[in-house]
Amino acid sequence: MSSSPEQKKRRKFWQLGGRVQKTVAAVFLSLLTDSLRPGGMPFYAAITAILCVQPKARDSVDVAANREVATICGGAAGMGFLFLERAFPSPLPDVLRYALVAAAVIPLISLSVWLERPKATFLTCVVFLSVVVTHSGDVHPFFFPLNRVLDTTIGIIIALAVNLLPGKFRKGRQKPADEDPL
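Throughout, residues of each chain are indexed from 1 in the direction in which the sequence is written. The predicted origin of the model limits local features to residues at a pLDDT of at least 70 and limits the giving and counting of side-chain atom pairs to 80 or more, whereas totals for whole chains, interfaces and linings rest on all residues. The basis for every side-chain value is the complete set of heavy atoms in the structure, and neither hydrogens nor water enter the calculation.

Looking only at helices and strands, one finds seven helices and zero strands in the protein chain. We count a stretch as a helix when DSSP gives it H or I for four or more residues in a row; a strand needs E for two or more, and each element gets its number in order from the N terminus. Ordered by position from N to C terminus, the α and β elements of the protein chain give α-α-α-α-α-α-α. Burial here depends on accessible area, computed with a 1.4 Å probe over protein chains only, as a share of the maximum for the residue type. Under 20% is buried, over 50% is exposed, and the range in between is partly exposed. For the protein chain, with 182 residues in total, the buried portion stands at 36%. Counting only contacts in the protein chain whose residues sit at least 6 apart along the sequence, the fraction spanning at least 24 positions is 72%. The protein chains shown are the only cover counted for residues, whose accessible areas, like all others here, come from Shrake-Rupley with a 1.4 Å probe. Accessible area for the protein chain stands at about 11,100 Å²; split by element, carbon and sulfur atoms hold 70% of it. Contacts are residue-level and defined by heavy atoms, with any inter-residue pair within 4.5 Å sufficient.

Have a look at this one:
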């Protein structure tokens, strides 16, 4: 008896490839590990794990390196910006502060290019903005960027460890090397 196209589609939907299984394992381990760390924000470790589990091990290492560089650069720049704001306190109108924040993105983009990490540009700017826009009122501008770097590093280490495990997570047919194992 032959299956209908709809039945085949439904069965295929629930067949999870090795990359999906590895991603789920990396997310779980990242959430669990980072939740045990005082000051940890497991959300950032988990999203890093999702980004870093790639179809090919070499791609995972490249994505992880870009993610780490971006987080360190964006976090350090954001921390520096907040320290400067506190060192030279003067009430700026929001429009002027936003203009300074936007202008600060220019050297971050240039830094990514200079470091030959153009794929890190987006995340560098996102981390910077998350620090200076959403954490400007924090008691100390050091803690969020530091914790963000630690969360990211935890997610990277776990994702690489899980993704680089030898063997297949999934039993069944072997997929060609160039096929995405989702």
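Quick look at a nonpolar patch on the surface now. Excluding any residue in a salt bridge, patches collect residues exceeding 30% relative accessible area, merging like charges within 9 Å and nonpolar Val, Leu, Ile, Met, Phe, Trp and Tyr side chains within 5 Å. The term salt bridge refers to a side-chain nitrogen of Lys or Arg lying within 4 Å of a carboxyl oxygen of Asp or Glu. Taken together, the side chains of Phe 83, Phe 142, Phe 143, Leu 146 and Leu 150 make up a nonpolar region of the molecular surface, amounting to roughly 420 Å² of accessible area. The element best represented in the nonpolar patch is helix H7 (residues 143-163), accounting for three residues. Considering the arrangement of structural elements, one finds Leu 150 in helix H7.

It is worth spelling out the confidence of the model for the protein chain at this point. Confidence of the predictor at the level of single residues is captured by pLDDT, which takes values from 0 to 100. The share of residues in the protein chain with pLDDT of 70 or more is 86%, and the mean pLDDT across the chain is 84. The secondary-structure element of the protein chain with the lowest mean pLDDT is helix H1 (residues 5-14), recorded at 70, while helix H5 (residues 94-114) shows the highest, at 94. In the model, residues 170-178 has pLDDT below 50 throughout and makes eleven contacts with residues more than four positions away in sequence or in other chains.

What follows concerns the pattern of salt bridges. Scanning the entire structure with this criterion turns up four salt bridges. Here Arg 37 ties to Asp 151 by a salt bridge, and the two come within 2.5 Å at their closest N and O atoms. You can see Arg 37 sitting in the loop between helix H2 (18-35) and helix H3 (42-52) and its partner Asp 151 sitting in helix H7, a full 114 residues away along the chain. This pair shows no difference in class: Arg 37 is buried, exactly as Asp 151 is. Residues participating in the shared-partner salt-bridge network are Asp 34, Arg 37 and Asp 151.

With that settled, consider the packing of aromatic side chains. For this analysis, a ring pair means two rings from Phe, Tyr or Trp (six-membered ring only for Trp) whose centres lie within 6.5 Å, classed as stacked if their planes differ by under 30 degrees, edge-to-face if by over 60, and tilted for the remaining angles. Applying the stated criterion across every chain, the model contains four aromatic pairs. On the numbers, 5.1 Å between centres and 70° between planes, the contact of Phe 43 with Tyr 44 is edge-to-face. We classify Phe 43 as exposed; its relative accessible area is 53%. For the ring pair Tyr 44 and Phe 144, a centre distance of 6.1 Å and an interplane angle of 75° mean the geometry is edge-to-face. Separated by 100 residues along the polypeptide, Tyr 44 in helix H3 and Phe 144 in helix H7 bring together distant segments of the chain.

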